[in-house]
Amino acid sequence: MPFPETKVYFDGSHYIAIPHTERPKQRRKKNLKIDIEKTENEKSATVNLKEKFDELYKEKSNKKRAERKQEIITEMKPHFKNENDTELFVIENIERKNRNKIVRKTRLARKVNLQQWNYFCTFTYDSKKHSEETFRTKLTNCLRHLSNRKQWKYIGVWERSPEKQRLHFHGIFYIPEMTGELKEVTDYSLNTHRLQTTLQNTYFNERFGRSDFEPITDRTLLGNATAYLMKYIEKSGEKLVYSRGLPTYFISDIMEEDIICPIGQEDRKLLLFDDFTCWDEGCKIGEVSPETIQQLRKSN
């Protein structure tokens, strides 16, 4: 018996299917509006405290976990009746942050593994051309236009250099058609204190300051680039920047003969053979491949 309308993702080694399941409908609680009205001020206060926690969590991102937790508790104390309530609130929100990190890292891995990528890029601004604000705005708009008009795809992050705290943008890119020219440039690296040769793009250098394009030629380099983005999520909890059109799953009917075994919590997922056949609403599309996946419906 086939599994219809199944979400499939690639974990870097194997294809994993998540069969569609119907969630039982939950009965609506009575007097819901009354409860909301009674606790509106309380909810507002909770939201504000969460915002305060988020600010402190980001501010103390370079601290060790235990030190970070204790400093946040100390600064949140004035907002609570006693220390026990403060600690419970902080622990609860640290757990919330940790859950969010896991979700973001999982989503990142699945999006990365389902796409093709060919460059790891870094963009830095020249103070003669931009302020930090205009650099962020202009580069964001530039990448958005390239995504819409030339089908560029990217996953990136805004980051500050450790010493000078200068803003720059790192990302993995799929560039089907290059804008500008890539030229080899030899200069002195302040990090390694040696001469280095890099690929820089004339289009981005003219508009922003400096660009570095490192070709991604194999899965090892892609893994290193992905690990860099994962490390950023772990360190700061900040959101990544995604271009449009980066699905997490593709949709396919799955036949029993293509399943190796159930896996995961309560066997809710299916481990598939590397050459399984993709189907769309009863129509055979073909053996799984980038070309076959391109023809299938996608999902996030």
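Residues numbered from 1 in each chain as written. Predicted model: local features only at pLDDT ≥ 70, side-chain atom pairs only at ≥ 80, totals over all residues. Heavy atoms only, no water.

Draft legend 1. Examining the overall build of the protein more closely. Looking only at helices and strands, the protein features eight helices and 15 strands. Going through the 300 residues of the protein one by one, you find that 38% of them count as buried. Of the contacts made within the protein by residues no fewer than 6 positions apart, 61% connect residues no fewer than 24 positions apart. Carbon and sulfur atoms form 49% of the exposed surface of the protein, whose accessible area is close to 19500 Å². (Helix = DSSP H or I, 4+ residues; strand = E, 2+ residues; numbered from the N terminus. Buried < 20%, exposed > 50% of the residue type's maximum accessible area, 1.4 Å probe, protein only. Contact = heavy atoms within 4.5 Å. Areas by Shrake-Rupley, 256 points an atom, 1.4 Å probe, with all protein chains shown as cover.)

Draft legend 2. Inspection of the confidence of the model for the protein at higher detail. Put simply, the protein has an average pLDDT of 87, and 87% of its residues get 70 or more. The low-confidence segment residues 29-39 (pLDDT under 50) makes two contacts with residues lying over four places distant or belonging to another chain. (pLDDT = per-residue confidence, 0-100.)

Draft legend 3. Just the sheet that holds strand S8 (residues 209-215), in detail. With antiparallel pairing, the five strands of this open sheet are ordered in space as S8-S3-S5-S4-S9. A strand with exactly one partner marks an edge of an open sheet, and here the two such strands are S8 and strand S9 (241-242). Sheet topology places strand S4 (residues 153-160) next to strand S5 (residues 167-174); eight bridges connect them, and they run antiparallel. Its bridge partner being in S5, Arg160 is matched across the sheet by Leu167. Contacting strand S3 (119-125), S4 and S5, helix H5 (residues 132-150) crosses the sheet at an angle of about 170° to S4. (Pairing = 2+ DSSP bridges. Axes fitted to C-alpha atoms, helices over the stretch in contact; angles between N-to-C directions.)

Draft legend 4. Main features of H5. A rise of 1.5 Å per residue sets the reference length of H5, with its 19 residues, at 27 Å; its end C-alpha atoms lie 26 Å apart and thus fit the reference within 8%. Regarding H5, the residues found buried are Phe135, Leu139, Cys142, Leu143, Leu146 and Ser147. An end-on view of H5 places all buried positions within 135° of arc, on one side of the element. Along H5, the residues that are exposed and aim more than 90 degrees away from the buried face are Glu133 and Arg149. Buried residues in H5 make contact with S3, S4, S5 and helix H6 (202-207). Of the residues flanking the end of H5, it is Gln151, one or two places downstream, whose phi is positive at about 60°. (Expected span 1.5 Å × (residues − 1). Arc of directions from axis to C-beta.)

Draft legend 5. Here's a closer look at the nonpolar core. Residues Phe123, Phe135, Leu139, Phe173 and Phe204 are the most contacted members of the largest nonpolar core, which totals 19 residues. Looking at this core, the elements that each hand over two or more residues are S3, H5, S4 and S5. Among the elements that line this core, the one with the most residues is H5, at five residues. Apart from the residues lying within four places of it in its own chain, the contact partners of Leu139 are Phe123, Thr134, Trp158, Phe169, Phe204 and Phe208. (Core = buried A, V, L, I, M, F, W, Y, C linked by side-chain atoms within 4.5 Å.)

Draft legend 6. Fine view of the packing of helix H3 (residues 65-76) against helix H4 (residues 83-114). Axis separation between H3 and H4 bottoms out at 9 Å; the angle between their running directions is 130°. Here H4 runs oblique to H3, going by the angle between their axes. H4 is crossed by H3, and the crossing has right-handed handedness. Every residue of H4 that contacts H3 at Arg68, Lys69, Ile72, Ile73 and Met76 is listed here: Thr86, Glu87, Phe89, Val90, Ile91, Ile94 and Lys101. (Parallel < 35°, antiparallel > 145°, perpendicular 65-115°, else oblique. Left-handed = near helix turned anticlockwise from the far one by under 90°.)

Draft legend 7. Spotlight on the pattern of salt bridges. Using the criterion set out here, one finds 15 salt bridges in the structure. The salt bridge involving Glu67 is made with Lys63; its shortest N-O contact spans 3.8 Å. In this structure, the salt-bridge partner of Lys150 is Glu177, at a minimum N-O distance of 3.8 Å. In this pair, Lys150 sits in helix H5 while Glu177 sits in the loop between S5 and strand S6 (182-189), placing the two residues 27 residues apart along the sequence. Of the residues examined, Lys150 reaches a relative accessible area of 26% and is grouped as partly exposed. By relative accessible area, Glu177 is classed as partly exposed at 46%. Residues participating in the shared-partner salt-bridge network are Glu59, Lys60, Lys63, Glu67, Glu71 and Glu75. (Salt bridge = Lys/Arg side-chain N within 4 Å of Asp/Glu carboxyl O.)

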